[in-house]
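Here are the chains, one letter per residue:
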Amino acid sequence: VLIFLFFLMPKVRGAIWYVLGLLTKQFPNQMDKFQIEIQDVLYNHLNEQFYSKKPEQKAIVGMLKGFRCSLIRPHLQNKQIDQLYIIVKVGMTPIDDIQRYKVLINCLRILQDHHKLFKDHILRDTKELFEKFMVLITHQNRDVKENASEAFEAYISEVRIFMPRV
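A few points on the structure. (Residues numbered from 1 in each chain as written. Predicted model: local features only at pLDDT ≥ 70, side-chain atom pairs only at ≥ 80, totals over all residues. Heavy atoms only, no water.)

## Some remarks on the overall build of the chain
Part 1 of the reasoning: Across its full length, the chain carries 8 helices and 0 strands.
Part 2 of the reasoning: Along the chain direction, N to C, the helices and strands of the chain fall in the order α-α-α-α-α-α-α-α.
Part 3 of the reasoning: In terms of C-alpha radius of gyration, the chain reaches 16 Å, essentially the compact-globule figure of 15 Å for 166 residues.
Part 4 of the reasoning: C-alpha extents for the chain along the principal axes are approximately 55 × 40 × 25 Å.
Part 5 of the reasoning: For the chain, buried positions account for 42% of its 166 residues.
Part 6 of the reasoning: Look at the contacts in the chain between residues 6 or more apart in sequence, and 70% of them connect residues 24 or more apart.
Part 7 of the reasoning: By element, 57% of the accessible surface of the chain is carried by carbon and sulfur atoms, the whole surface being about 10,100 Å².
Part 8 of the reasoning: Distance from the positive charge centre (24 side chains) to the negative charge centre (18 side chains) of the chain: 3 Å. (Helix = DSSP H or I, 4+ residues; strand = E, 2+ residues; numbered from the N terminus. Rg over C-alpha atoms; globule rule 2.2 N^0.38 Å. Buried < 20%, exposed > 50% of the residue type's maximum accessible area, 1.4 Å probe, protein only. Contact = heavy atoms within 4.5 Å. Areas by Shrake-Rupley, 256 points an atom, 1.4 Å probe, with all protein chains shown as cover. Lys, Arg positive; Asp, Glu negative; His and termini not counted. Charge placed at Lys NZ, Arg CZ, Asp CG, Glu CD.)

Here's what the structure looks like:
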C-alpha cells in the first residue's frame, strides 16, 4: 500500500505520512503491529527526499510531522536514529533565500519533543547546537523564534547535567 505514495502529489504524500503518525500516536495499541513498518518506510522516504537533488518540501514537512507523532514509541535502529538526527540538525539550518520555514520549524519540534532519543547526539554536538539556537532565537520569523526557544529548553535539559555547578 505504501508503494503507491510515489504517484501522489508531494503535499498529499506529506499529509498521509502525518496522518499515519497521528494514528500511531492516538491509537498506540491498535497501531503497534504497524509501527515498525511505518517508521522504517517513513525513514527511508525522508532520507531519500532530504538527499534528493529536487527535494519536495511539502512531502518532507509531512514526513517530519509524522515522525514527530510516531516517535513516541521509537522502533528505529541506532543507525537510523543517527541519520534522523543528522536530518534534524541539517533541517535546523536557516537558508537565506527561502521564506518558508516549515521544515526548520518541524525539525525544531522533533528535537523538542524527542530530545531524550537524541541525548548522545546533543551531548556530542553541544557547541554546534548552541550556536544554531542562538541564531534561531533571534530570527526575524516569530514562529521560528518561538519554536527555537522551546527546543532550546529541551536542549538545556539534556546538557545541564554536564555543566559545572557554581
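Now that the structure has been shown, the text picks up again.
## A few points about the state of the cysteines
Part 1 of the reasoning: For the coordinates displayed, the defined rule picks out 0 disulfides.
Part 2 of the reasoning: Counting only cysteine sulfurs, cysteine 107 is the nearest neighbor of cysteine 69, a cysteine outside any disulfide, at a range of 14 Å.
Part 3 of the reasoning: A relative accessible area of 0% places cysteine 107 in the buried class. (Disulfide = S-S within 2.5 Å.)

## Here's the deal with a nonpolar patch on the surface
Part 1 of the reasoning: Together, Leu8, Met9 and Val12 make up an exposed nonpolar region whose accessible area comes to about 260 Å².
Part 2 of the reasoning: Structurally, the position occupied by valine 12 is in helix α1 (residues 10-26). (Patch = residues over 30% accessible without salt bridge, like charges linked within 9 Å, V, L, I, M, F, W, Y side chains within 5 Å. Salt bridge = Lys/Arg side-chain N within 4 Å of Asp/Glu carboxyl O.)

## Concerning the packing of aromatic side chains
Part 1 of the reasoning: Under the defined criterion, the tally for this structure stands at 6 aromatic pairs.
Part 2 of the reasoning: Aromatic pair phenylalanine 133 and tyrosine 155: ring centres 5.2 Å apart, planes at 50 degrees, arrangement tilted. Here phenylalanine 133 is found in helix α7 (residues 126-137), whereas its partner tyrosine 155 is found in helix α8 (residues 142-159), with 22 residues between them in sequence. Neither phenylalanine 133 nor tyrosine 155 differs from the other in exposure class; each is buried. (Phe/Tyr/Trp six-rings, centres within 6.5 Å; stacked < 30°, edge-to-face > 60°.)

## Some thoughts on a positive patch on the surface
Part 1 of the reasoning: The grouping of Lys11, Lys58, Arg100 and Lys102 at the surface amounts to a positive patch.
Part 2 of the reasoning: By the secondary structure assignment, lysine 11 is in helix α1.

## A look at the pattern of salt bridges
Part 1 of the reasoning: Going through the model one piece at a time under the given rule, you end up with 10 salt bridges.
Part 2 of the reasoning: A salt bridge links aspartate 113 to arginine 68, with the shortest nitrogen-to-oxygen separation between them at 2.5 Å. Of the two residues, aspartate 113 is situated in helix α5 (residues 102-113) and arginine 68 in helix α3 (residues 57-70); the sequence distance between them amounts to 45 residues.
Part 3 of the reasoning: Assessed through its relative accessible area of 28%, arginine 68 is described here as partly exposed.
Part 4 of the reasoning: As a salt-bridge pair, glutamate 128 and lysine 89 come within 3.2 Å of each other at their nearest N and O atoms. Separated by 39 residues along the polypeptide, glutamate 128 in helix α7 and lysine 89 in helix α4 (residues 78-91) bring together distant segments of the chain.
Part 5 of the reasoning: A relative accessible area of 16% means that lysine 89 is categorised as buried.

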